[in-house]
Every structure is written in structure tokens, then in C-alpha cells.
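Fold and contact review
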Amino acid sequence: MIVTSTESIEGRQITEYLGIVAGEAIMGVNVFRDLFSSVRDIVGGRAGGYQAALRDAREAAFADLQESARALGADAVVGVDVDYEVLGKENGMLMVSVNGTAVRLR
């Protein structure tokens, strides 16, 4: 399935707009990851644990989006927007939300 942030797909014609689809993923942040990220913040460098959690949440949200689009019979999702938020007490949860328009192509 084609998933793009653009409003059109080069070389393809959109024949039908099926509706807005969304995918969400909310992941808790591991206490040990927090501890090691705090150390990393002090000594500098990248917080690999957080990067992995962010990547996992983003991949899960996109999989959810594509599943919703397939259920409508879509060939693609256009106009995709990705949002990131922190939630919960002391920002202990990470949410990734993706939204776009499911379409059929010719």
C-alpha cells in the first residue's frame, strides 16, 4: 500500500476518496530506559532507548493506519500527518498518531 504525505501520487489517478483513516499507538516508557536516558542526558549523546520506543510506536501507528485503509478497500493513503505527544502522569506515555485519506487508484 502506498502511504504518502502528499495529496497525490505521481503517475496514478485517484478515482475514489474513501474517508479519513487513523492509526494510533500509545507506549509506556520503561523505568530502566528512563534511568539510562537520564545518565545519557548528563554525559551527552543520543538516548537510544527513547529512539527505539519512538520508532516502535511510529511503526505500530502506521500499521494501524494501513489496516484501517485496507478494511475500506483502499489502494493508498494520501495527505498523511504524523503527530507525537507525551501523556500520563509525569509524561510516562508516548503517543504517536497518524491520519490521512484512504483512496482508490487507477
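One structure accompanies this document, and this report is about it. (Residues numbered from 1 in each chain as written. Predicted model: local features only at pLDDT ≥ 70, side-chain atom pairs only at ≥ 80, totals over all residues. Heavy atoms only, no water.)

Moving on: the overall build of the chain. The helix and strand inventory of the chain stands at 2 helices and 4 strands. Going from the N terminus to the C terminus, the chain shows its helices and strands as β-β-α-α-β-β. Among the 106 residues that make up the chain, the fraction classed as buried is 25%. Partitioning the intrachain contacts of the chain with sequence separation of at least 6 by distance along the chain shows that 75% fall at a separation of at least 24. Counting only carbon and sulfur atoms, one obtains 51% of the accessible surface of the chain, whose full area is about 6,700 Å². (Helix = DSSP H or I, 4+ residues; strand = E, 2+ residues; numbered from the N terminus. Buried < 20%, exposed > 50% of the residue type's maximum accessible area, 1.4 Å probe, protein only. Contact = heavy atoms within 4.5 Å. Areas by Shrake-Rupley, 256 points an atom, 1.4 Å probe, with all protein chains shown as cover.)

So, on to the nonpolar core. Membership of the largest hydrophobic core comes to 13 residues, with the highest contact counts inside it found for Val21, Ala57, Ala61, Leu65, Ala69, Val77 and Ala102. When residues of this core are traced back to their parent elements, those giving at least two are strand S2 (14-28), helix H2 (48-71), strand S3 (76-87) and strand S4 (93-105). What Val77 contacts, discounting residues up to four positions off in sequence, is Met1, Ile2, Val3, Thr4, Val21, Leu65, Ala69, Gly100, Thr101 and Ala102. If you look at the next biggest cluster of nonpolar residues, it comprises 6 residues, including Ile14, Ala76, Val78 and Val103. (Core = buried A, V, L, I, M, F, W, Y, C linked by side-chain atoms within 4.5 Å.)

What follows concerns the side chain of Ser97. Among the secondary structure elements, Ser97 is positioned in strand S4. Polar side-chain contacts of Ser97 include one of 3.5 Å to the side chain of Asn99. Those residues in contact with Ser97, other than ones at most four positions away along the chain, are Gly23, Glu24, Asp81, Val82 and Asp83. (Polar contact = N/O pair within 3.5 Å; in protein donor to acceptor, adjacent residues only side chain to side chain.)

A surface patch of nonpolar side chains, about 230 Å² in accessible area, is lined by Ile26, Leu87 and Met93. Accessibility expressed as a relative area gives 32% for Met93, which makes it partly exposed. (Patch = residues over 30% accessible without salt bridge, like charges linked within 9 Å, V, L, I, M, F, W, Y side chains within 5 Å. Salt bridge = Lys/Arg side-chain N within 4 Å of Asp/Glu carboxyl O.)

Another aspect to go through is the sheet that holds S3. Reading across the sheet, the 4 strands line up as S1-S3-S4-S2 and stay open at both edges, with mixed pairing between neighbours. Two strands close off the open sheet at either side, each with one partner strand: strand S1 (2-3) and S2. Both S2 and S4 contribute to a ladder of 13 bridges, which runs antiparallel. Bridging across to S4, Ala25 finds its partner in Val96. (Pairing = 2+ DSSP bridges.)

Inspection of the entire model under this criterion finds 1 salt bridge. The shortest N-O distance in the salt bridge between Glu16 and Arg104 comes to 2.7 Å. Of the two residues, Glu16 sits in strand S2 while Arg104 sits in strand S4, which places them 88 residues apart along the sequence.

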